[in-house]
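# Fold and geometry: a report
One-letter residues, chain by chain:
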Amino acid sequence: MLKRLLVTAAMTFAATGATLADETPKDLKSCMDNVFSHAQAAQSNRLTDSKLEEIEGMLTKMEEQCMKKNFSAAAKTGGQISSAIKG
């Protein structure tokens, strides 16, 4: 699942670049850029399999929120992902 998210988001990311921020995105592109950034951050940390699985679920949720253009909810989920990665 995480690989699918990375591949999907990479297409968006490749053309435009991304920033890791928990601010409310203004459009679908910036929202998906945030999903990709969070996925990259999760993969670059040495997290347990159970923690990665938990984050995968949150990434899927965030991606769905982006697709529904519920950007404030996606930002909140992004904050939860950041917290999960750090702690």
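In the block above lies the structure referred to throughout.
If you're wondering where the values come from, they're calculated on a predicted model, not measured in any experiment.

### Some points on the pattern of salt bridges
Pairing between side chains of opposite charge can happen when their charged atoms approach one another. Applying the stated criterion across every chain yields a total of two salt bridges. Of the charged contacts in the structure, one is a salt bridge between D33 and K29, with a shortest N-O distance of 2.5 Å. Residue D33 and its partner K29 are located together in helix α2 (residues 28-44), separated by four residues, close to a single helical turn. Given the relative accessible area of 3%, D33 is considered buried. Linking K51 and E54 is a salt bridge whose minimum nitrogen-to-oxygen distance equals 3.5 Å. Taken together, the residues span about one helical turn, with K51 and E54 both in helix α3 (residues 49-67) at a distance of three residues.

### Side note on α3
Taking 1.5 Å per residue as the helical rise, α3 with its 19 residues ought to reach 27 Å, and the 27 Å between its terminal C-alpha atoms agrees with that figure. Those residues of α3 not exposed but buried are I55, M58, L59, T60, M62, E63, Q65 and C66.

### Side note on the packing of α2 against helix α4 (residues 71-86)
Pairs of packed helices are described in terms of their axes, by the angle between the two and the distance that separates them. Running from N to C, α2 and α4 point in directions that differ by 10 degrees, and their axes come no closer than 10 Å. Taken as axis vectors, α2 and α4 run roughly parallel relative to one another. Contacts from L28, C31, H38, A41 and A42 in α2 reach F71, A74, G78, I81, S82 and I85 in α4. Of the residues belonging to the contact of α2 with α4, the class tally is eight nonpolar, three polar and no charged.

### Notes on the nonpolar core
Membership of the largest hydrophobic core comes to 17 residues, with the highest contact counts inside it found for V35, I55, L59, C66, I81 and I85. Counting only elements with at least two residues in this core, the list comes to α2, α3 and α4. The leading source of residues in this core is α2, at six residues. Setting aside residues up to four positions removed in sequence, V35 forms contacts with L59, M62, E63 and C66.

### Comments concerning the environment of E64
Relative to the assigned elements, E64 resides in helix α3. Note on E64: relative accessible area 44%, which makes it partly exposed.

### Topic: the environment of K76
Inspection of the secondary structure assignment puts K76 in helix α4. Each C-alpha atom, one on K76 and one on E23, is 8.5 Å from the other, the two residues being 53 residues apart in sequence.

### With respect to α2
Spanning 17 residues, α2 covers 24 Å between terminal C-alpha atoms, matching the ideal 24 Å at 1.5 Å per step. Every buried residue of α2 is accounted for by C31, M32, D33, N34, V35, F36, S37, H38, A39, A41 and A42.

What counts, and at which threshold
- Residues numbered from 1 in each chain as written.
- Predicted model: local features only at pLDDT ≥ 70, side-chain atom pairs only at ≥ 80, totals over all residues.
- Heavy atoms only, no water.
- Salt bridge = Lys/Arg side-chain N within 4 Å of Asp/Glu carboxyl O.
- Helix = DSSP H or I, 4+ residues; strand = E, 2+ residues; numbered from the N terminus.
- Buried < 20%, exposed > 50% of the residue type's maximum accessible area, 1.4 Å probe, protein only.
- Expected span 1.5 Å × (residues − 1).
- Axes fitted to C-alpha atoms, helices over the stretch in contact; angles between N-to-C directions.
- Parallel < 35°, antiparallel > 145°, perpendicular 65-115°, else oblique.
- Contact = heavy atoms within 4.5 Å.
- Nonpolar A, V, L, I, M, F, W, Y, C, P; charged D, E, K, R; others polar.
- Core = buried A, V, L, I, M, F, W, Y, C linked by side-chain atoms within 4.5 Å.

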